[in-house]
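Residue strings, one per chain:
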Amino acid sequence: MKSEQGKGRLCHSVYFEFMQHISGCYKSVSALCKDISKFIAPLAEELFLGYLLIHLDAPQSQLSPQEKHVECELYAGSYLPEDMQHVDFTTPENGVCIIYFCPVKYHVWSSEEMEDLLFFLKQLFMISGRAHMGQLLVKASNQDFLTSALNARGMNQYGKTLMEKNALIDYIGMFLNLKNFKYINQTVGQAKGDEILVKYCQTLQGFLLPEEKISRPGGDNFFALVRKERAEAFLNFVQEVPITIPYENTHRTYHISANVGIYQITEKDDINSAMNSASVALNEVKHSGKGIDQLWYAPYMLEKIMHDKKVSQLFPKALINGEFLVYYQPKVMLETQRLCGCEALVRWLRDGKIVPPMEFIPVLEREGTVCNLDFFVFEKACADLRRWLDMGIEPVRISVNFSQQHLHDAKLSEKILNIMQKYEIESRYIEVELTEMSGAKDHDAMLGFLQRMRDYGICTSIDDFGTGFSSLNMLRELRTDVIKLDKSFVDKIASENTEAQSDRIVIENIVRMVRALKLEIISEGVETKEQADFLRAIHCNMAQGFLFDKPLPHDEFEKRLLGNRIYHVC
């Protein structure tokens, strides 16, 4: 600037004093303009400036999904409107900044005065641009780029604002996770999937009041703060949200629903604890297996999560330390009541107490670490078979459960064979059990695995038959050897009520179909003589359950192999 070099009429002291006043970091152009208006009068007098206005047009961008227009009158002294002039600047994001100005009434600027003025206006543009970018950066640090909802930091800041007003307790916290969004993404592609997320978020924001907020912590997860009196209406609204997007020269509508964890915020909570509690409730929704979409937080849910984390932490070392034991539950031929096989079941001996399988198997199943446990059980069963054979004891066929998680492993068959070869176990002594759910979720992998087992002469069975949605298809498509009827089918057949009659009809027809396909069928959970008599009468091959034997430790089962193999119970 010429005046900085000792030229021009711009007074050093006045200019620098003004610049010192507005040299701070501003979070918005409006805040900057407020300070400019407050301190500009002495400088305007030096510059013979009668009027000054700044107009900013910022286009839509990733940081600012909506266009922004700011117009601030910075100074209005003595001026003639017909003397109005302007200078235009282009902003870094290709927006426009226009500064309108007039000289004081009846003044005509000299070329040197105009040079000083234009220099000042350029500085004004640069400072306002910096304030605008500062505003965008603040927004960016609190806003999700994709959906324009708040991010986790932004929701945290808003929660603090409500706490300062003692108003956070007036809200309900809700954590949402979209159902089947992974499938939608795979169907339409990530770009269209993002478009659905944006429109979904905009639809929710359209439902919310200005003081109610929604954030996107990441992925297809959202967190909403909704006023108590509107919580039920919001929960009804999110049960099904239609989203329409252009797709392949047409429009396609997706009905988006969500699992929701709900938390009633208390006086002891901050926004982080509210989000955590709502996410705990969401976790319970997703893993309860009850087909429930929405759950309010309860303390037991957190206790369950802490238990699951403890299981996850303890499992690797427990496996190394030999805390897991293999029990064998006998299988019996119903016609002869003779021991014909057994199922290898795992038990966890922790601090001298047996941990029930349902307290750790589902946790390991979700994490995938159950695969390590399955192979531990399988190798132990093979080692026991080898020992009995070496002792001259003729063993029975042992069935071992393999989780559906294994079907993602292309080398599953090879690993099973390697262990059998290690202990020199013939295929006739081994039965591999897979659950019916495996057939539903990993159909092709299931077919391939069963074929490989059949090629090696290894018997296979489908566990928990009848609990899924694909039972008849499985009978038609899956070439397995044994069908295992789920315990839930036989629980009520001894009763005389209508439901029991229906169960008996279903069981009888399943047995008839299985036998017609030349497969074996076994019923688990047989606990009474009436159940066993009914199953024998309809020609069910085998049974296992407490009527015959509970799961037995190794030594007790070995005694059963050495002793009388006939059960005289029915």
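Everything discussed here concerns the structure shown above.
Residues numbered from 1 in each chain as written. Predicted model: local features only at pLDDT ≥ 70, side-chain atom pairs only at ≥ 80, totals over all residues. Heavy atoms only, no water.

Draft legend 1. Region of the structure containing the overall build of the chain. For the chain, the count of helices and strands is 20 helices and 20 strands. Over its C-alpha atoms the chain spans a radius of gyration of 37 Å, topping by over 25% the 25 Å that the globule rule assigns to 570 residues. Taking the principal axes of its C-alpha atoms as reference, the chain extends roughly 120 × 50 × 50 Å. The buried share of the chain, reckoned over its 570 residues, is 47%. Counted over contacts in the chain with a minimum sequence separation of 6, partners at least 24 positions apart contribute 66%. Entry remark: accessible area of the chain is about 28,600 Å², with carbon and sulfur atoms responsible for 51%. The distance from the centre of the 63 positive side-chain charges to the centre of the 77 negative ones in the chain is 4 Å. (Helix = DSSP H or I, 4+ residues; strand = E, 2+ residues; numbered from the N terminus. Rg over C-alpha atoms; globule rule 2.2 N^0.38 Å. Buried < 20%, exposed > 50% of the residue type's maximum accessible area, 1.4 Å probe, protein only. Contact = heavy atoms within 4.5 Å. Areas by Shrake-Rupley, 256 points an atom, 1.4 Å probe, with all protein chains shown as cover. Lys, Arg positive; Asp, Glu negative; His and termini not counted. Charge placed at Lys NZ, Arg CZ, Asp CG, Glu CD.)

Draft legend 2. Summary view of the sheet that holds strand β2 (residues 68–76). Taken in spatial order, the four strands make up an open sheet running β2-β1-β4-β3, and their pairing is antiparallel. Whereas interior strands pair on both sides, the edge strands pair on one side only; in this sheet they are β2 and β3 (85–90). The mean angle between the axes of side-by-side strands here comes to 15°, regardless of whether they run parallel or antiparallel. One ladder, built from six bridges, connects β3 with strand β4 (residues 96–103); its direction is antiparallel. Paired with H86 across the bridge in β4 is Y100. Across the face of the sheet, helix α2 (residues 29–39) comes into contact with β1 (49–58) and β2 while running at roughly 5° to β2. (Pairing = 2+ DSSP bridges. Axes fitted to C-alpha atoms, helices over the stretch in contact; angles between N-to-C directions.)

Draft legend 3. View of the sheet that holds strand β5 (residues 171–178). Here five strands make up an open sheet; going across it, the order is β6-β7-β5-β10-β11 and the pairing mixed. Among the strands making up the open sheet, the edge pair consists of β6 (213–218) and β11 (294–296). Neighbouring strand axes in the sheet, compared pairwise and without regard to direction, differ in orientation by 20° on average. Here strand β10 (residues 258–264) runs beside β11; their pairing, made up of three bridges, is parallel. For I262, the partnering residue across the bridge sits in β11 and is W296. Against the sheet, helix α9 (residues 271–287) makes contact with β5, β6, β7 (221–227), β10 and β11, and its axis sits at roughly 135° relative to β10, the strand it touches most.

Draft legend 4. Highlighting the environment of K353. If you trace the backbone, K353 turns up in strand β14 (residues 353–355). By relative accessible area, which is 62% here, K353 ends up exposed. C-alpha separation for the pair K353 and D390, spaced 37 residues apart in sequence, amounts to 32 Å.

Draft legend 5. Quick look at the packing of α9 against helix α10 (residues 299–320). Running from amino to carboxyl end, α9 crosses α10 at an angle of 75°, the nearest separation of the two axes being 9 Å. It follows that α9 is roughly perpendicular to α10 by the angle criterion. Contact residues: α9 offers V280, A281, N283 and E284, while α10 offers Y300, M301, L302, K304 and I305. Of the residues in the contact of α9 with α10, the class split is six nonpolar, one polar and two charged. (Parallel < 35°, antiparallel > 145°, perpendicular 65-115°, else oblique. Nonpolar A, V, L, I, M, F, W, Y, C, P; charged D, E, K, R; others polar.)

Draft legend 6. Layout of the nonpolar core. With 76 residues, the main nonpolar core has I416 and I507 as its most contacted residues. Broken down by element, the residue count for this core peaks at nine residues, all from helix α12 (residues 370–390). Other than its neighbours up to four places away in sequence, I416 contacts F375, F378, F402, V432, F449, M453 and I458. Counting 35 residues, the second-largest nonpolar core is a separate cluster that includes I22, L32, A44 and L52. (Core = buried A, V, L, I, M, F, W, Y, C linked by side-chain atoms within 4.5 Å.)

Draft legend 7. Summary view of the pairing of strand β16 (residues 430–435). Here β16 lies mainly inside the structure; five of its six residues are buried. As paired elements, β16 and strand β17 (residues 459–465) share five bridges and run parallel to each other. Bridge pairing in β17 links L434 to I462.

Draft legend 8. Just unusual backbone geometry, in detail. Its identity as a non-glycine residue notwithstanding, E424 has a phi of 55°, on the positive side. The phi torsion at K518 lies on the positive side, around 60°, for a residue other than glycine. Note on placement: K518 falls in the loop between α18 (498–516) and β19 (520–523).

Draft legend 9. The arrangement of the packing of aromatic side chains in detail. All told, the structure shown has 21 aromatic pairs when counted by the stated rule. Ring geometry for Y15 and F119: centres 6.4 Å apart, planes at 55°, overall tilted. Here Y15, found in helix α1 (residues 12–21), pairs with F119, found in helix α4 (residues 111–142); they are 104 residues apart in sequence, far enough to count as distant. When the ring of F375 is compared with that of F402, the centres are 5.5 Å apart and the planes differ by 75°; the resulting orientation is edge-to-face. With F375 in helix α12 and F402 in the loop between β15 (397–401) and α13 (412–422), this pair connects stretches of sequence that are 27 residues apart. An aromatic cluster of three or more residues is present, and its members are F315, F324, W348 and F360. The residue whose ring lies beneath K213 is Y158, and the NZ or CZ to ring-centre distance is 5.4 Å. Over the aromatic face of Y327 sits the side chain of R347, whose NZ or CZ is 5.8 Å from the ring centroid. (Phe/Tyr/Trp six-rings, centres within 6.5 Å; stacked < 30°, edge-to-face > 60°. Lys NZ or Arg CZ within 6 Å of the ring centre and 35° of its normal.)

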